[in-house]
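# Architecture at a glance
What follows is the residue order along each chain.
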Amino acid sequence: MKPKSILIIGCGDLGIRLGDRLCALGWSVTGVRRGVGKLPSGFNAIAADYSRKNELESAMSTAPDYVLATCNPTERSVAGYEQGFTEGARNILAALGKHRPKAVLWTSSTRVYAEREGGWVNEDSCLSEDDPRATAMIQAEQLMLQSMQHASVIRFAGIYGG
């Protein structure tokens, strides 16, 4: 029986941790990042930049069962957020083409919420309308959710640093 497979795009700390656990369970794990030197030996490593058009085709040729996208801004400017998130989402969807994994999980951030005073947020909380970096993230989420893929978004909080 063919093992389950996952393609982890932007395979940094979060992706490596998940991929290690899945490898231990017998999954086939493919990690995509610009520099693959930090990927564990059990991963299929693909060097590609998801923020650039047409760089993910070789990764998608693996026809993964699942896709996890953990994108980041290419720089801290608004343009960097647009390139890393909005264009990253477009590039991933374009590379997927007609392939329909069982699920595509898009990681996002609680930065997208309008709440700035430390209050509670949930899925129904208002989204930011005045933070252009958050807007780029929201646009990427919407591209995923409105695509023909079986996509879900998870908005992480407090995962940065040690």
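Scroll up a little and you will see the structure.
The following refers to the structure shown. (Residues numbered from 1 in each chain as written. Predicted model: local features only at pLDDT ≥ 70, side-chain atom pairs only at ≥ 80, totals over all residues. Heavy atoms only, no water.)

Moving on, we get to the pattern of salt bridges. By the definition in use, this model includes eight salt bridges. Between glutamate 87 and arginine 90 there is a salt bridge, with the nearest N and O atoms lying 2.6 Å from each other. With glutamate 87 and arginine 90 both in helix 3 (residues 78-96) and three residues apart, the pair spans about one turn of that helix. Taking relative accessible area as the criterion, glutamate 87 reaches 26% and is therefore assigned partly exposed. Residue aspartate 131 pairs with arginine 111 through a salt bridge whose shortest N-O separation is 2.9 Å. Of this pair, aspartate 131 sits in the loop between strand 5 (103-109) and helix 4 (132-145) while arginine 111 sits in the loop between strand 5 and helix 4, and the two are 20 residues apart along the sequence. Relative accessible area serves as the criterion here: at 11%, aspartate 131 is assigned to the buried category. Exposure remark for arginine 111: the relative accessible area of 29% places this residue in the partly exposed category. (Salt bridge = Lys/Arg side-chain N within 4 Å of Asp/Glu carboxyl O. Helix = DSSP H or I, 4+ residues; strand = E, 2+ residues; numbered from the N terminus. Buried < 20%, exposed > 50% of the residue type's maximum accessible area, 1.4 Å probe, protein only.)

Even without glycine at this site, asparagine 54 takes up a positive phi of about 65 degrees. The topology assignment puts asparagine 54 in the loop between strand 3 (44-47) and helix 2 (57-60). Despite not being glycine, alanine 63 has its phi angle at roughly 45 degrees, a positive value. Along the chain, the position of alanine 63 falls in the loop between helix 2 and strand 4 (66-69).

Counting 29 residues, the largest nonpolar core has Ile92, Trp106 and Met144 as the members making the most contacts within it. Secondary-structure elements contributing two or more residues to this core are strand 1 (5-9), helix 2, strand 4, helix 3, strand 5 and helix 4. The leading source of residues in this core is helix 3, at seven residues. Here tryptophan 106 is in contact with Ala69, Cys71, Phe85, Gly88, Ala89, Ile92, Ala140, Glu141, Met144, Ser152, Val153 and Ile154, once residues within four sequence places are set aside. In this structure, Ile6, Ile16, Leu22 and Leu39 belong to the second largest nonpolar core, which totals 10 residues. (Core = buried A, V, L, I, M, F, W, Y, C linked by side-chain atoms within 4.5 Å. Contact = heavy atoms within 4.5 Å.)

Honestly, that's just the spatial picture; any functional story needs more than this.
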